[in-house]
Amino acid sequence: MPELPEVETVSRGLRERVLGRQISEVEVLHPGILVGSPAGFVGGIRGRRVASIERKGKVLALALEAQDGAPVNFLMVRLGMTGQLTVRRREQPLEPHTHVRLALDTGEEEVRFRDARRFGRLRSCTLEELEAVLGRLGPDAQQVTEAEFFQAARARRGAVKGWLLNQRGFSGLGNIYADESLFAARIHPLAQPGRLSRRTLRRLYQSLKKVLRRAVDLQGTSFRDYIDIEGREGNYRQRLEAYGRAGEPCRRCHSAIQRIVVAGRSSHFCPHCQRRPRDAALPTGSHRASKGARHTQFGLS
Ligand SMILES: [Zn+2]
């Protein structure tokens, strides 16, 4: 599913292609992916101009200015698992699972939202509503300072992998970049953040930043569904060292990469480079809790 580097790539694409343009018409083909009513959605964005495009964690927010001086409204987008935003010419055939079309300016081009699995969400909202959603997320993983990172890890029990996925400490990481960051920092996914030494935690912080920076530079990772605004795949997949490589040799030591389930998600790691500490968390400990959290993670309310 799209994580920070993929959403950042989409955000950059939108800034290039959509910033400053007017959303002249709105067509909702499948209201199930909206938060709120279709009428409220259309009314909140039609006729408005895209004044800025921001991202926090995996959430995109387009600020929309009205012509008549009404307060700025926002189009909030979550790509969920398989959501795609693309800019297409109006006459290009509609792909399956296209749920929303936003005509730009004269209508020759449009933004399309597709989502095969429908975990993604579009919402028209006010500044206060946007701030309420973003306020529940920790600092963006690209922006988080070392002090904030240390603070979020303090006294945290449970698996570090689950902690990296939780969007409240800091936001933007998902399964791929959590596994890659832990591999780069040589930390076992079941290590407990609150019990890592300052030195190890600093290594994790630096690895995380490095992995995200490289992934953004390479426009993210594509497995099945992720594409950018022009329909191109990301180029980070070939660089993956742990994620999705179970059974393949570690690029550092040639041990076979292993896969275990932590916090209800697959975790890929090298048993030699990422030693399991004696005070490791139990792999099944947060399984049930995290399942519930996964559902709310995709909601926007
Ligand atoms: Zn290794």
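Residues numbered from 1 in each chain as written. Predicted model: local features only at pLDDT ≥ 70, side-chain atom pairs only at ≥ 80, totals over all residues.

Topic: the environment of R154
Heads up, the rule is: The helix and strand labels rest on DSSP assignments: H or I over at least four residues marks a helix, E over at least two residues marks a strand, and numbering proceeds from the N terminus. Partly exposed residues are those whose C-beta has more than 12 but fewer than 20 other C-beta atoms within 10 Å; 20 or more makes a residue buried and 12 or fewer makes it exposed, with C-beta atoms placed from the backbone.
Its location among the elements puts R154 in the loop between helix 4 (146-153) and helix 5 (160-165). Here R154 falls in the exposed class, since 10 other C-beta atoms lie within 10 Å of it. Sequence separation between R154 and G194 is 40 residues, and the spatial gap between their C-alpha atoms is 5.0 Å.

Some remarks on the sheet that holds strand 1 (residues 23-28)
How we decide: Strand pairing requires that DSSP identify at least two bridges connecting the strands. Fitting a line to C-alpha atoms yields each axis, with helices limited to the stretch in contact; the angle taken between N-to-C directions then spans 0 to 180 degrees.
Strand order across the open sheet formed by four strands is 1-6-7-5, with antiparallel pairing between neighbours. Across the chains shown, the open sheet's two edge strands, defined by having one partner strand only, are strand 1 and strand 5 (83-89). Mean inter-strand twist for the sheet, computed between neighbouring axes without regard to direction, equals 20°. For strand 6 (residues 98-104) and strand 7 (residues 109-115), the ladder comprises six bridges, and the chain directions are antiparallel. The residue bridging T98 from the neighbouring strand is R114, located in strand 7.

Here we look at unusual backbone geometry
The residue D105 is not glycine, and still its phi comes out positive at about 50°. With respect to the element layout, D105 can be found in the loop between strand 6 and strand 7. A positive phi angle, near 70°, is found at H254, a position not held by glycine. Looking at the element boundaries, H254 is found in the loop between helix 7 (198-217) and strand 9 (258-262).

Structural notes on the packing of helix 4 against helix 7
Selection criterion: The cut-offs work like this: below 35 degrees is roughly parallel, past 145 is roughly antiparallel, 65 to 115 is roughly perpendicular, and the gaps in between are oblique. In this scheme, a crossing is called left-handed if the near helix is turned counterclockwise away from the far one by less than a right angle; it is called right-handed if the turn is clockwise. Placing C-beta atoms from the backbone, we regard two residues as in contact once those atoms come within 7 Å.
At a closest axis distance of 10 Å, the pairing of helix 4 and helix 7 adopts a crossing angle of 120°. Taken together, the axes of helix 4 and helix 7 lie oblique to each other. Relative to helix 7, the crossing made by helix 4 is right-handed. Between helix 4 and helix 7, the residues in contact are E146, F149, F150 and A153 and L201, R202 and Y205, respectively.

Looking at the packing of helix 1 (residues 4-17) against helix 7
Each pair of packed helices can be described by the angle between their axes along with the distance between the axes. What counts is decided by this rule: When residue character is reported, Ala, Val, Leu, Ile, Met, Phe, Trp, Tyr, Cys and Pro are called nonpolar, Asp, Glu, Lys and Arg charged, and the others, Gly included, polar.
Where helix 1 meets helix 7, the closest approach of the two axes is 9 Å, and the angle between their N-to-C directions is 40°. When the interaxial angle is binned, helix 1 and helix 7 end up oblique. The element helix 1 and its partner helix 7 pack so that their crossing is right-handed. Packed against helix 1, whose contacting residues are L4, P5, E8 and T9, the element helix 7 presents L212, A215 and V216 at the interface. A class-by-class count of the residues in the contact of helix 1 with helix 7 yields five nonpolar, one polar and one charged.

So, the confidence of the model for the protein chain
Rule in force here: The pLDDT value tells you how sure the predictor is about a given residue, anywhere from 0 up to 100.
Averaged over every residue, the pLDDT of the protein chain is 93; residues scoring 70 or more account for 94%. Here residues 285-301 is a poorly scored stretch, pLDDT under 50, and it has 24 contacts once near neighbours within four places are set aside; other chains count.

Quick word on the pairing of strand 2 (residues 49-56)
Bridge count between strand 2 and strand 3 (residues 59-65): seven bridges; the pairing is antiparallel. Looking at strand 3, one finds that I53 is bridged to L62. Count of turn residues in the strand 2/strand 3 antiparallel hairpin: two residues, of which G57 carries a positive phi of about 55°.

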